[in-house]
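Residues per chain are reported as follows:
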Amino acid sequence: MKVRFWGTRGSLATPGNETLRYGGNTSCAQIVGDEGTVLVLDAGTGIREMTKTFSPKLRRVDVLLSHLHMDHIQGLGFFYALYNPDMEVHIWGPATPTLDLRSRLMRYLSPPLFPVHLRDLPCNLHIHDGSRMEAEIGEFKVSSWQVCHPGSTVGYRIEGAQGSVAYMPDHEPVLGGVRFMADREWISGISVADGVDMLIHDSQYTDEEYANRIGWGHSSMKQAMEFTRIAQAKLLVPFHYDPTHKDDELETMLFEAVAEAKPGFPVIPAKEGDTIDVATQKIVENSP
Amino acid sequence: MMHRDIELILMRQLASSLASAIFLVDPLGTLVFYNEHAETILGRRYEETGPMPVELWSTMFHPLDDRGKPVLPEALPLVKVLKTNKPATKKFWIRALDGVKRKIEVTAFPLIGQNQKLVGAVSMFTEVTA
């Protein structure tokens, strides 16, 4: 079970020399199981490059959307699997009390925001409500829970024979408080991340930045570490970096947060192009 | 593992920040939180009472109407809300846990989650002059 990162940035794509090491594409990751099951986590701008690497033999791919903010769906129209009539594409994501997922996606995949209508995509497309789902997808068991972030947003838990991954790119578990609730059952997202082998978590801010952005739906690097400790996850992968943070600043943030929080678990920051093996917690490939 | 719905978590966080008295129950009616202002009216800190089932909290404050007759649990706004999923309101007397009789006005409403299911109910209340 391997996780490859195709876009690690939050909010806005930020290409350029100052984001080369961690990447400038918005949120997109790919999980590939040992039996070949392919899951795509969000459809930020990183998704375009991913599609080029699909095996010609691949016939099914499942896209798990955490929510429908633009940085998580902007690449959907450039996900070439959608234009392949031989491909079965399943899109999972949160509905709202008044709109199903198809209707919500149509707001983007239709003019004037995009020239192609959702209904005109030639692939074999299936759209599922992922607001609170439990499903067997290939070799994985996938479940979702609503988490604290403006609008309908979920975190995904993916479990397979080789390990488990929690994906929570946009998450503000301390909203309204100065610290985490003592009782973990009252912490947003705890069921998603409980005891997982790898937690991919929102790490958008420094603590100082968070203080001025309460309610925006994100976490600081240190909050991500504290959440990981409470959830008893075995590895933290910080993700969804603020577009204003250059590579050097990100490394300083990470260094300072580790020095202060002293996490008792490894922390491997997500970098565009890196592939992490969930079982060994090692970066097994780096293809920028 | 045991976890709370996000709507209930957010409601508790909001209640912690409000000066209005808030009493929060889960879909089964189990008390899961009341805030600081509610503590002053109910006469005991939530940390001391902790969670309790509907059968207990609906009787422990000895609710009475203006004529001194007991208000049955099923007539309490929060219990009504859990049965009907509709808001309810009522004025009645309680004997708080500090021993003081207080008249309160209660407005209760359901928390319907994004999946259209009941995730809990809220009672907002104020002390009113007799």
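Cut-offs and rules
- Residues numbered from 1 in each chain as written.
- Chains lettered and ligands numbered in written order.
- Predicted model: local features only at pLDDT ≥ 70, side-chain atom pairs only at ≥ 80, totals over all residues.
- Heavy atoms only, no water.
- Helix = DSSP H or I, 4+ residues; strand = E, 2+ residues; numbered from the N terminus.
- Buried < 20%, exposed > 50% of the residue type's maximum accessible area, 1.4 Å probe, protein only.
- Contact = heavy atoms within 4.5 Å.
- Phe/Tyr/Trp six-rings, centres within 6.5 Å; stacked < 30°, edge-to-face > 60°.
- Pairing = 2+ DSSP bridges.
- Axes fitted to C-alpha atoms, helices over the stretch in contact; angles between N-to-C directions.

(A) Local environment of the overall build of chain B. Along its length, chain B carries five helices and five strands. Along chain B, helices and strands appear, N-terminal first, in the series α-β-β-α-α-α-α-β-β-β. Seen through its principal axes, chain B has C-alpha atoms that stretch 45 × 30 × 25 Å. Every one of the 130 residues in chain B was classed for burial, and the buried ones make up 47%. For chain B, the proportion of contacts with a sequence separation of at least 24, taken over those separated by at least 6, is 44%.

(B) Representation of the packing of aromatic side chains within the structure. Residues and elements named next belong to chain A. With the rule as written, the count across this model stands at 11 aromatic pairs over all chains. Ring plane angle 85° and centroid distance 5.8 Å describe the contact between Tyr22 and Tyr241, whose orientation is recorded as edge-to-face. You can see Tyr22 sitting in the loop between β1 (2-7) and β2 (28-32) and its partner Tyr241 sitting in the loop between β12 (236-239) and α7 (247-261), a full 219 residues away along the chain. The buried category is assigned to Tyr22, whose relative accessible area is 4%. The interplanar angle of 50° and the centroid separation of 5.8 Å between the aromatic rings of Tyr108 and Phe114 together place this pair among those described as tilted. A relative accessible area of 7% places Tyr108 in the buried class.

(C) Looking closely at the pairing of strand β10 (residues 163-168) of chain A. Residues and elements named next belong to chain A. A large share of β10 lies buried, amounting to six of its six residues. Neither face of β10 is exposed, since Gly163, Val165 and Tyr167 on one face and Ser164, Ala166 and Met168 on the opposite face are all buried. Adjacent in sequence and paired antiparallel, strand β9 (residues 154-160) and β10 are bridged by two residues. With four bridges joining them, β10 and strand β11 (residues 198-202) adopt parallel strand pairing. If you follow Tyr167 over to β11, its bridge partner there is Ile200.

(D) Here's a closer look at the sheet that holds strand β3 (residues 88-95) of chain B. All names here are of chain B. Reading across the sheet, the five strands line up as β2-β1-β5-β4-β3 and stay open at both edges, with antiparallel pairing between neighbours. Looking at the sheet topology across the chains shown, the edges are occupied by β2 (31-34) and β3. Within this sheet the neighbouring strands show an average axis-to-axis angle of 25°, counted without direction. Here strand β4 (residues 101-112) pairs with strand β5 (residues 118-127) via nine bridges, running antiparallel. Residue pairing in the sheet places Glu105 in a bridge with Thr126 of β5. Contacting β1 (21-25), β2, β4 and β5, helix α1 (residues 6-17) crosses the sheet at an angle of about 160° to β1.

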